[in-house]
Every structure is written in structure tokens, then in C-alpha cells.
Amino acid sequence: MTDPFIVAIDGPAGSGKSSVSKAVARRLGYGFLDTGAAYRALAWHVLDRGAETADEEAVLAAAADFPFGQGLDPDDRRVHVGDVDVTTAIREPRVSGAVSGVARVPAVRAQVNDAFRRIVAEAAYPAVVVEGRDITTVVAPDAPVRILLTAAPEVRAARRAAELDAEDAGAVAAALHRRDATDSAVVDFLTAAEGVEVVDSTDLDFEATIDAVITVIERRAPEAQRGAGNG
Ligand SMILES: Nc1ncnc2c1ncn2[C@@H]1O[C@H](COP(=O)(O)OP(=O)(O)O)[C@@H](O)[C@H]1O
Ligand SMILES: Nc1ccn([C@@H]2O[C@H](COP(=O)(O)OP(=O)(O)O)[C@@H](O)[C@H]2O)c(=O)n1
């Protein structure tokens, strides 16, 4: 089998990257890689070691001893650090509030990006949908399909608050926009780079967003490499 091709999807928090990418991968028979889960798992690992993600030395020490496990099955979002299942823990607000400290360390970005490329190259799928912040620009700038998935800030905050079933939607919105601001200082994922197609889901429901992404794939992906069952 030739190397899987990449469908690269970037975007800000709450734009629908993970849920839409997973649904697209499942529908097309592709693999799915949630790159944010790796940064979240490393932030969890730093906190679990009793350190702070603002401490770059502590982050580098944790990254040097980071037995991270993540699969490509769209229907299996389990994430492990060693033999600890951290799937739920990495989505907790305390980790969301700490993850940007990990993401701003260049050596960490280089380490996890190498791991992402290796995981995709070894994938037993015709393609892998890879979602995050810098996939279209750093991890896979030559991918045949590169999408910036976005939505209005207030829509993204409302979706995240609903997802977390949060009592204080204002606090969720403030945390989300704070993370957007911190993240976009590290990687510009709010502006589509040359060749990246923008899908704005502000006025699209979940199914319509999936269809919009698949339309881009059908237009941009190499015909010969598409998986079975997708025309
Ligand atoms: N177009 C959409 N319309 C309504 N809800 C959506 C849409 N896209 C995603 N969602 C929901 O918004 C929440 C956040 O989506 P998620 O995939 O976690 O975003 P991200 O990974 O970009 O942070 C989830 O509950 C998801 O089901
Ligand atoms: N490719 C990536 C993916 C995530 N990240 C970092 O990891 C954090 C969590 O990513 P995520 O995709 O799980 O976050 P959401 O957009 O799902 O809220 C982001 O806020 C970034 O700080 C990154 O720097 N680069």
C-alpha cells in the first residue's frame, strides 16, 4: 500500500475539528489523528509529575519520559500515558488551562510532530484525517487536502459550553478565547495559508459541516488514492 495521504484540518477551539474530522474519517474509511490529544496528554503528564507547564525545564523533562499511546481508529479515542488511560482527564478544564504552556515549547513541537508523521506513515489506511493547529502549515504543508475549519468566536464558545454541559458558559468562553490568543501567538491557525481552503461552520449544522469537508476532499484528493466506498 502506498503511504496514506493526509487530510489536514486546522482551526481554533470549538470549531468542530475533532468531531467533524472523526465523522469524516469514519464515513470515508480513513484514519483519524487528534494531535491536540498529544499536547493535552503531555500537559497532564507534567501536572501528574507535580510540575507546572509554565516551567519549560519541567515540560522538557516530562517530554523526555512520555510513554504516550494513541490510535487512528475514528471509533476509539482512547489515549494512554504509560498504562494510565487519560482519555477523560485530558479534557478537564485544568488540563485545557495548562496545555498552551506545553504547546509553546519548540522542542516539544518538533518531538510530537515527528511522532505524528511517523504514525501516519505507518497507518493501514488509504488516508488519515489529521486535525490540530499547524497541520496545514508545519506537519503536512504538502498534503493534497488542507482545510481551515472555523466558526464565529461566540458560536465556538457556545458549542464548547454545551459540550462541557458547563454551568458558567461565560467562564468557558473566556478560557477558550484566552487559549486561542495564546495558541495563535505560537502558530497562526486563524489565517488560511496559501492553498488552504476555509470551511466556516458558523451557519452550518454538524452534518452540513461534514458534507462541506467531504466536498473539499472529493475536489482535492487524488482520485486513485481514495478509500473504498466513497465514489
Ligand atoms: N457545525 C456544528 N454545528 C453544531 N455543533 C457542532 C458543529 N461542529 C461541531 N459541533 C459540536 O461542537 C462541540 C465542539 O466540537 P469539537 O469537535 O470538540 O471542536 P474542536 O475540536 O475544534 O475544539 C462538539 O460538541 C461538537 O459536536
Ligand atoms: N497541532 C496542535 C494541536 C494542539 N495544540 C495545542 O493543544 C491544545 C489542545 O488542542 P485541542 O485540539 O485538543 O483543543 P480544542 O481545539 O479541541 O479545544 C491547543 O489549545 C494548543 O495549545 C497545538 O499547539 N498544536
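What counts, and where the lines are drawn
Residues numbered from 1 in each chain as written. Chains lettered and ligands numbered in written order. Predicted model: local features only at pLDDT ≥ 70, side-chain atom pairs only at ≥ 80, totals over all residues. Heavy atoms only, no water. Pairing = 2+ DSSP bridges. Helix = DSSP H or I, 4+ residues; strand = E, 2+ residues; numbered from the N terminus. Contact = heavy atoms within 4.5 Å. Axes fitted to C-alpha atoms, helices over the stretch in contact; angles between N-to-C directions. UniProt positions renumbered as here; feature names shortened; annotations may be inferred. Buried < 20%, exposed > 50% of the residue type's maximum accessible area, 1.4 Å probe, protein only. 1 Å grid on protein atoms, 1.4 Å probe; cavity = no way out; pocket = protein on both sides within 12 Å on 5 of 7 lines; lining within 4 Å. Points joined across faces, edges and corners; volume = space filled by probe spheres on them. Nonpolar A, V, L, I, M, F, W, Y, C, P; charged D, E, K, R; others polar. Near = heavy atom within 4 Å. Polar contact = N/O pair within 3.5 Å; in protein donor to acceptor, adjacent residues only side chain to side chain. Areas by Shrake-Rupley, 256 points an atom, 1.4 Å probe, with all protein chains shown as cover.

Considerations on the sheet that holds strand E5 (residues 84-85)
So, step 1. Ordered in space as E3-E4-E5, the three strands form an open sheet in which the pairing is antiparallel. Pairing within the sheet leaves two strands with one partner each, and these edge strands are strand E3 (68-70) and E5.
So, step 2. Bridge analysis of E3 against strand E4 (residues 79-81) gives three bridges, and the strand direction is antiparallel. Its bridge partner lying in E4, Gly69 is registered against His80.
So, step 3. Sitting on the sheet, helix H2 (residues 35-48) touches E3, E4 and E5, and the angle it makes with E4 is about 35°.

So, the UniProt feature "binding site: ATP" (unreviewed entry) in the protein chain
So, step 1. The feature "binding site: ATP" (unreviewed entry), as annotated in UniProt, sits at Gly11, Pro12, Ala13, Gly14, Ser15, Gly16, Lys17, Ser18 and Ser19 in this numbering.
So, step 2. Looking at where Gly11 falls in the secondary structure, it is placed in the loop between strand E1 (5-10) and helix H1 (17-28).
So, step 3. Take Gly11: its relative accessible area is 0%, and that puts it in the buried class.
So, step 4. Residues contacting Gly11, with those up to four places away along its chain left out, are Lys17, Gly132, Arg133, Leu148, Leu149 and Phe189.
So, step 5. Of the residues examined, Ser15 reaches a relative accessible area of 1% and is grouped as buried.
So, step 6. Among residues more than four places away in sequence, those in contact with Ser15 are Leu149, Thr150, Ala151, Arg156, Arg159 and Ser201.

Things to note about the sheet that holds strand E7 (residues 145-150)
So, step 1. On the basis of which strands lie adjacent, the open sheet formed by five strands has the order E2-E6-E1-E7-E8 and parallel pairing. Across the chains shown, the open sheet's two edge strands, defined by having one partner strand only, are strand E2 (31-34) and strand E8 (197-200). Across the sheet, the mean angle separating the axes of adjacent strands is 25° when strand polarity is ignored.
So, step 2. Looking at chain direction, E1 and E7 are connected through four bridges and run parallel. The partner of Ile9 across the bridge, within E7, is Ile147.

Some remarks on empty space enclosed by the protein
So, step 1. Under the definition given, this model contains two cavities of 30 Å³ or more.
So, step 2. Of the voids in this model, the largest cavity is the one considered here, and its volume is about 80 Å³.
So, step 3. Taken together, Phe32, Asp34, Ala37, Gln70, Gly71, Asp73, Asp76, Arg77, Arg78 and Val79 make up the full set of residues lining the largest cavity.
So, step 4. Broken down by class, the residue content of the lining of the largest cavity amounts to three nonpolar, two polar and five charged.
So, step 5. In this model, the second largest cavity occupies a volume close to 50 Å³.

Considering the site of ligand 2
So, step 1. Neighbouring residues of ligand 2: 18 residues in total, closest Lys17, Arg40, Arg109, Arg179 and Asp183.
So, step 2. Separating an oxygen atom of ligand 2 from a side-chain N or O atom of Arg109 is a distance of 2.8 Å.
So, step 3. Between ligand 2 and Arg133, the relevant distance is 2.9 Å, taken from an oxygen atom to a side-chain nitrogen or oxygen of the residue.
So, step 4. In the complex, 98% of the free accessible area of ligand 2, which totals 530 Å², lies under the protein chains.
So, step 5. Listing elements by their share of the shell around ligand 2, those giving two or more residues are H2, helix H5 (99-103) and helix H9 (169-186).

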